[in-house]
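# Structural characterization, general
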Amino acid sequence: MTGYTMLRNGGAGNGGQTCMLRWSNRIRLTWLSFTLFIILVFFPLIAHYYLTTLDEADEAGKRIFGPRVGNELCEVKHVLDLCRIRESVSEELLQLEAKRQELNSEIAKLNLKIEACKKSIENAKQDLLQLKNVISQTEHSYKELMAQNQPKLSLPIRLLPEKDDTGLPPPKATRGCRLHNCLDYSRCPLTSGFPVYVYDSDQFVFGSYLDPLVKQAFQATARANVYVTENADIACLYVVLVGEMQEPVVLRPAELEKHLYSLPHWRTDGHNHVIINLSRKSDTQNLLYNVSTGRAMVAQSTFYAVQYRPGFDLVVSPLVHAMSEPNFMEIPPQVPVKRKYLFTFQGEKIESLRSSLQEARSFEEEMEGDPPADYDDRIIATLKAVQDSKLDQVLVEFTCKNQPKPSLPTEWALCGEREDRLELLKLSTFALIITPGDPRLIISSGCATRLFEALEVGAVPVVLGEQVQLPYQDMLQWNEAALVVPKPRVTEVHFLLRSLSDSDLLAMRRQGRFLWETYFSTADSIFNTVLAMIRTRIQIPAAPIREEAAAEIPHRSGKAAGTDPNMADNGDLDLGPVETEPPYASPRYLRNFTLTVTDFYRSWNSAPGPFHLFPHTPFDPVLPSEAKFLGSGTGFRPIGGGAGGSGKEFQAALGGNVPREQFTVVMLTYEREEVLMNSLERLNGLPYLNKVVVVWNSPKLPSEDLLWPDIGVPIMVVRTEKNSLNNRFLPWNEIETEAILSIDDDAHLRHDEIMFGFRVWREARDRIVGFPGRYHAWDIPHQSWLYNSNYSCELSMVLTGAAFFHKYYAYLYSYVMPQAIRDMVDEYINCEDIAMNFLVSHITRKPPIKVTSRWTFRCPGCPQALSHDDSHFHERHKCINFFVKVYGYMPLLYTQFRVDSVLFKTRLPHDKTKCFKFI
């Protein structure tokens, strides 16, 4: 062993060194392992302790190496925030989960409802299909019943006689001519339109003998007449003018008869011809007395009984005014009712005068039999006794101061000049007209002239002699404008005249003024009346009055119209449906062919009233159709049954006899595009609106880039020929409804106010229904009328800047109302609303109707209008006084009546609630 040890330590050379190296490596590995163990075990422990105690190392009394409680880990600030966030997120997640479950439940329920609705829709479609089939079957059955009970009618084929047609067989005597045996009806079918051919007098010899003024006036009115045609082959009537002749021309009867028979379309007997002899003087010759006129009608102012054929010939008024319109400034007013003289008469009877009647035969030979009783002496004695009694102031003169006018035998000749006679009649309450002593002279130019002059100045005619044939007597009801007293009652005339009340006297004077203006005053009215008389006799409907053709201005629309909250502030009110279907026009008047037969007497015999037909401007008025029959065929309605009567239906439907109706807005504007666009936008959503007609009164066209609002109904922009306020009331052909809402471009009205006004107008269709009221007042110091716009409990006018009226009045305003009124409106650029109020009150004798408490309608912030000018009111004062002169009296009527409804929001000022009556 020792040897072995030695051998390892030193023997054999390097053995000892190798052992030392091995032992050294073993020790080094062991130390390295121990060091790594210490680092891996103790260093994490120290680091963990340091990290957990670092934030609290500076606090006193804290242990650095002490143990830690688990809950203390959340006490760190940022950890606390994280904990709070975690808690809130957890709560929100819980809530969202609950909502998700709730929505899932609702979705399931809605899916069930959707399925149920789909089934209901399918059922409704089936029901609708069945209803359509039922309606189709019902319509088919209705058409079959109508076809069985009302056979189809077509327009008759018009038969035009040949030029050489001899016509009807001649009557036994010319005096026996009546329509049935002297008029060829085949030339005048109902659908012909009543064409009239007027001979050109200058092409015939007798035309050179005519009075130039009469011929010129006649030709002018014939050219403007709607019935006159230049095609003689289709004419129903042929009109020839034969008088009045110039002085001293005297055309012999045989010569005149020869000229008549040489007319191109006379056809041997003159059937369907009208011979007109107009007289301008009281001594006009009776040219046709000894002339064989065949079957031609005669229209003149002088007739003997042997000459006049009742129902065939016509007694016409003398042509005193050949001008287009009389001078209204020279016509006296109709008030006061009583004038200076109770009655007047001036005339002289010349028995020895011989006229053209005696040219062929003597007067005694012509008047066969015993002479009639002459009451003239009794008349003279009675009237002189009344004058001498001094009970009333009268003036009767039976001898002319100057040379009397020529007259017919037994006729009272006129005294003095026309101006002198008119001055006396202006002072007379009644005007006596004594008919010729010979009763066989049924009318003369002298009597017709006296009648014309009395009606012109407002003296009520008192005709002594019941045998007289007054002008157009078979059509006009003369007892409403004149007194016709038999001559034997002359002793009772004074009592009769004093017994008339002021109201009756004023009514007769007003009716006489109407007859004079309509049928007597001008050549146009006389010619139109003659044609209207014949047309009515043969039962041909009048031609529709012309409408103004609207020249539309192209414009671009598409701008979405907003809703003004002030306009749409209707609360829970249902104002009515906004029309989604095409515009609905008012029903047209369908009684064209029966009106002439059934209603002509009313049309001819009364002063203008609601829907009156003027013969010189006849037209087919747009009136509502006949009222619907409510209930069953027996007319019995059980208690609690039927439809209507509930508040909801009142709000949602118009109801009444015309349950389906719309109105048209007519808006006048002049170069205020922004104001106009705002006003149009305010009409958006307005129920029962048919269309809007914008009357563009400016010669300058709208801006090309102007975008018009889309309000759900058509907007028609109409261009006018000139800047005139009268354009507001033109009867545009684009207006297809009876109701017109005339509104200014700066008017500011709510929808509920407009709808309420429309409902009120439907209950009073013949009146103006509007919002701002005004009144007229008498200026005592200046003895004239004034226009007043102050707040008042009384009114007589409603401004048409916001008012409903019937389209009928647009025709009357534009074509019938005296032109002098429209001229004054153009002169002042003012007063068109006053003129319309005058017209409607004159026709209806009713005041307008004011609705709601509004006294003005101007929008705030709009540019100034013409009414803000200082001269505005001065011009309106002048207009009122001028209009009174034209009408002859003050037609405006006062009223304290105002209409409000509890069904609409009406804001009532506290100081106005006691002024008006409400319904």
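Residues numbered from 1 in each chain as written. Predicted model: local features only at pLDDT ≥ 70, side-chain atom pairs only at ≥ 80, totals over all residues. Heavy atoms only, no water.

- Looking at an unreviewed UniProt entry, one finds the protein chain named Exostosin-like 3, with Callithrix jacchus as its source organism.
- The Catalytic activity (unreviewed entry) field of the UniProt record for the protein chain holds the comment "3-O-(beta-D-GlcA-(1->3)-beta-D-Gal-(1->3)-beta-D-Gal-(1->4)-beta-D-Xyl)-L-seryl-[protein] + UDP-N-acetyl-alpha-D-glucosamine = 3-O-(alpha-D-GlcNAc-(1->4)-beta-D-GlcA-(1->3)-beta-D-Gal-(1->3)-beta-D-Gal-(1->4)-beta-D-Xyl)-L-seryl-[protein] + UDP + H(+)". (UniProt positions renumbered as here; feature names shortened; annotations may be inferred.)

### Observations concerning the pairing of strand β7 (residues 341-346)
- Counted residue by residue, β7 has five buried out of six residues, so it is predominantly covered.
- Where β7 lies against strand β11 (residues 428-434), three bridges are found, and the strand directions are parallel. Across the sheet, the residue bridging to threonine 344 is alanine 431, located in β11.
- Pairing of β7 with strand β9 (residues 395-397) involves three bridges; the strand directions are parallel. Residue threonine 344 lies in a different strand from β9, and its bridge partner there is leucine 395. (Buried < 20%, exposed > 50% of the residue type's maximum accessible area, 1.4 Å probe, protein only. Helix = DSSP H or I, 4+ residues; strand = E, 2+ residues; numbered from the N terminus. Pairing = 2+ DSSP bridges.)

### Some points on the packing of aromatic side chains
- Under the counting rule described, the total for this entry stands at 30 aromatic pairs.
- Ring geometry for phenylalanine 218 against phenylalanine 527: centres 5.3 Å apart, planes inclined by 85°, an arrangement best described as edge-to-face. Taken together, the positions of phenylalanine 218 in helix α5 (residues 212-224) and phenylalanine 527 in helix α13 (residues 523-537) put the pair 309 residues apart, joining distant regions of the chain.
- A connected cluster of aromatic rings, assembled from ring pairs, spans Tyr197, Tyr199, Phe204, Phe206 and Tyr238. (Phe/Tyr/Trp six-rings, centres within 6.5 Å; stacked < 30°, edge-to-face > 60°.)

### Things to note about the state of the cysteines
- Using the criterion set out here, one finds four disulfides in the structure.
- Residue pairing for cysteine 177: its cysteine sulfur links by disulfide to cysteine 182, the two sulfurs lying 1.9 Å apart. On the sign convention where negative is left-handed, the bridge of cysteine 177 and cysteine 182, at about -80° about the S-S bond, is left-handed. For the pair cysteine 177 and cysteine 182, one class covers both residues: buried.
- The disulfide partner of cysteine 400 is cysteine 415, and the gap between their sulfur atoms is 1.6 Å. Given an S-S torsion of about -70°, the disulfide between cysteine 400 and cysteine 415 has left-handed geometry. In this pair, cysteine 400 is assigned in the loop between β9 and β10 (412-413) and cysteine 415 in the loop between β10 and α9 (418-425), connecting sequence segments 15 residues apart. (Disulfide = S-S within 2.5 Å.)

### Describing the nonpolar core
- Counting residues in each nonpolar core, the largest one holds 133 residues, and the members touching the most others are Phe194 and Phe883.
- In this structure, Leu741, Phe756, Val769 and Ala802 belong to the second largest nonpolar core, which totals 40 residues. (Core = buried A, V, L, I, M, F, W, Y, C linked by side-chain atoms within 4.5 Å.)

### Concerning the sheet that holds strand β23 (residues 773-779)
- Taking strand neighbours across the sheet as the criterion, the three strands line up as β24-β23-β25 in an open arrangement whose pairing is antiparallel. Looking at the sheet topology across the chains shown, the edges are occupied by β24 (784-788) and β25 (797-798).
- Examined bridge by bridge, β23 and β25 share two bridges and lie antiparallel to one another. Within β25, the position partnered with arginine 774 by the bridge is methionine 797.
- Taken strand by strand, helix α22 (residues 871-887) contacts β23, β24 and β25, and its axis lies near 135° from that of β24. (Contact = heavy atoms within 4.5 Å. Axes fitted to C-alpha atoms, helices over the stretch in contact; angles between N-to-C directions.)

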